[in-house]
Amino acid sequence: MNNLLAAARAWAADDPDPQTRAELESVIADVEDGGDTADLAARFDGTLEFGTAGLRGELGAGPNRMNRVVVTRAAAGLAAYLRDTGHTHGSVVIGYDARHNSDVFARDTAEVMTGAGLTAYVLPRPLPTPVLAFAIRELGCAAGVMVTASHNPPRDNGYKVYLGDGSQIVPPADIEIASRIAAVGPVSGVPRGDGGTVLGEEVVDRYLDTTASLVDDGPRELDIVYTPLHGVGGTTVERVLEAAGFEAAAVVEQQEHPDPEFPTVAFPNPEEAGAMDLAMELAERRGADLVVANDPDADRCAAAVPGPHGWRMLRGDEVGALLAHALLEKGRRGTYACSIVSSSLLGKLAAAAGQPYAETLTGFKWIGRVDDLAFGYEEALGYCVDPEHVKDKDGVSALLLLCELAAGAKAAGRTLVDILDDLALAHGLHATDQLSVRVTDLGEIAAAMARLREHPPTELGGLAVEQVDDLSEGSADLPPTEGLRYRLADGARVVVRPSGTEPKLKCYLEVVVPVDPEDGVDAARIAAAGRLDALRAGIKAAAGI
C-alpha cells in the first residue's frame, strides 16, 4: 500500500496537466482516508504497452491510462529512436482526431520533437488518419504520429506511430521505441521546444486531388447517404465526392459533426450493431442507392445496400471483393493481399486475373508492407486502394471507389449485389461471419486458447478439421502471433485470436458453397447461413465461451 501511494504521489508531482493531477490527488486522498484501493491500483497496475498499434487506452491519470505524461514519454522515446537511427535532423508530421485531448497530445508531441532537435509539422485541424499517412510520404518525413483511438469508446484515446515509408511500425522498431520510452525519466526533465509548424491546407488539398484522381470518367448518378459517425471524415468525404463529380451525399444530421462523446451510438464503430441504424433509416426514407460510413478517424469504410427485406450491411469481405473486382477491372497490376482472417475469395479473384496474392497477419502494419502491393484489405472494414500514396487503410478513397462502382452498376441497370452474385457464380459463394466475445477479465481469453490447444477439435459444425495451424509458432510466410487456424473440409475455415485493440476473443468463420445456376445464389446463401451457424456453435463449444 505504501509503495502504491508513493508511486501515485510521485506521478502527481510530475504531471503537467492540472486536470489529471487533481484527479489523481483526489483518488490518493480517498485511499488515505480508508477508501477502496481498486481504482488507484488499476491506474498503476503496469503501464500502457507500446506495441505495433502504438498506445491505446482509457483517458485518466496514471501509467496505465492515456494522459500527457504517457504521451510525453512516448514522444521522447520516439525522438530518441529517430536520433539513434540516423534522423538527427529529420522531421515528424503529427495528426489528430476530435477525441478528448487529441489536440493537447498532438501539441505535446510537437514540443517534445522540437525540443529534441527534430522538425515538427502539425496538420492544420482534426483530420482523418489517412491524411496523416499520406502527409508522411508527401513531406518526406522520418516518422508520423496520429493521435486517435479510431473506433474505441469515447473514454479512450491512442497514439499511432508510422515510420518514413508511411507504414505503421512493426517489430523490431516497436520494441526498440518501447525500450527508449522506458528509459525516459521524469517528464519535467524532457526538453521542450515550440509547437512546430502548423501546416496550411495545401497538404490536405494534395490528398484530396490524389484521391479524386483514382476514379475514371463515367456515370455519377447515385443517391448516397453518408455518416461520419461523429468523427472527422465529413468535410474530407464531402470534398472528395464533389471533386470526383458526384452530387453531395445526404448526411445523417445527428452524426454529421465531430463529437468526442459519440452520443448516438453505443460504440462508434460501424461494425457494431445499431451504429448504422440512423443512416439506413435515412436511406429508406430517401429511396437511396447506397449507404456509406466511416469510423471516427475515417480509416475504415462501411457500406449498406437495399434488398428485398430492407437495408443490410455489406460484410467487410464483401466490400473487399467489390473493391478488388473494381481495381482488377481497371487493370491494376501487382499483389492483392489480405489478412489471414479475411475471405479466401481474394486469392481466387487475383488468380483469375493473373495477379499475385499474399496473406499477412492481421493489421495494416503487415498488409501495407507487402511487396508490389496493388490492393490490400482486412475484413474489419479496412481497405488500401492507393498504396502508392497511402500505405495504410483509407476509408475515404475506399468510399469513393465504391461509389464509382455503384454508379457504374446503376447506369447498367444493376447493383453491387448483382456484382457479388456474379463473383459467387464464378468462384463459389464465400460466406463469412465473426463470433466476438467481449470479456472483463483477460484471463478468460487465455483460458479459452489453452482449452483449444489442450483439446483440439476434430470437427467443427459437422465439417472435419483437416489441418490445424498454431499461429504462435510462425511459418515461412508469417511471423508468430497468438492464434489458431483450422482448415476444414469443403474449403471452410475458422481462425481464433485475441483482439489486438479490445478485450475480445474473436473467431473468424468462412464457408464456401458452390452455386448451382438453376437454384441461384440465394439458395447458396441459405445453405451458407446454416453452415455458419453450425460453425459458430462448434467453436463456442470447443473454446468453452
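Here we summarise the structure given alongside this text. Computed from a predicted model, the values in this text were never measured in an experiment.

**Here's the deal with unusual backbone geometry**
Line of reasoning, step 1. Between P171 and P172 the backbone carries a cis peptide bond, its omega angle lying at 5 degrees.
Line of reasoning, step 2. Locating P172 in the fold gives a position in the loop between β5 (156-163) and α7 (173-182).
Line of reasoning, step 3. At S150, a position not held by glycine, the phi torsion is positive, near 55 degrees.
Line of reasoning, step 4. Structurally, the position occupied by S150 is in the loop between β4 (143-147) and β5.
Line of reasoning, step 5. A residue is classified by how much of its surface remains accessible, and S150, at 1% relative accessible area, is buried.
Line of reasoning, step 6. Not every positive phi belongs to a glycine, and L229 is a case in point at roughly 55 degrees.
Line of reasoning, step 7. With respect to the secondary-structure elements, L229 resides in the loop between β7 (224-227) and α9 (234-243).

**A word on the sheet that holds strand β12 (residues 335-339)**
Line of reasoning, step 1. The four strands are arranged β13-β12-β14-β15 in an open sheet whose pairing can be described as mixed. The open sheet terminates on both sides in strands that have one partner only, identified here as β13 (357-360) and β15 (382-384). If you compare each strand with its neighbour and ignore which way they point, the axes differ by 15 degrees on average.
Line of reasoning, step 2. Bridge count between strand β14 (residues 373-378) and β15: three bridges; the pairing is antiparallel. Residue pairing for β15: Y377 is matched across the bridge by Y383.
Line of reasoning, step 3. Running over the sheet, helix α11 (residues 316-329) touches β12, β14 and β15 and is turned about 165 degrees from β14.
Line of reasoning, step 4. Along the sheet, helix α12 (residues 345-352) contacts β12, β13 and β14; its crossing angle with β12, the most-contacted strand, is approximately 175 degrees.

Cut-offs used in this document
Residues numbered from 1 in each chain as written. Predicted model: local features only at pLDDT ≥ 70, side-chain atom pairs only at ≥ 80, totals over all residues. Heavy atoms only, no water. Helix = DSSP H or I, 4+ residues; strand = E, 2+ residues; numbered from the N terminus. Buried < 20%, exposed > 50% of the residue type's maximum accessible area, 1.4 Å probe, protein only. Pairing = 2+ DSSP bridges. Axes fitted to C-alpha atoms, helices over the stretch in contact; angles between N-to-C directions. Contact = heavy atoms within 4.5 Å.

Shape descriptors only; they carry no functional weight alone.
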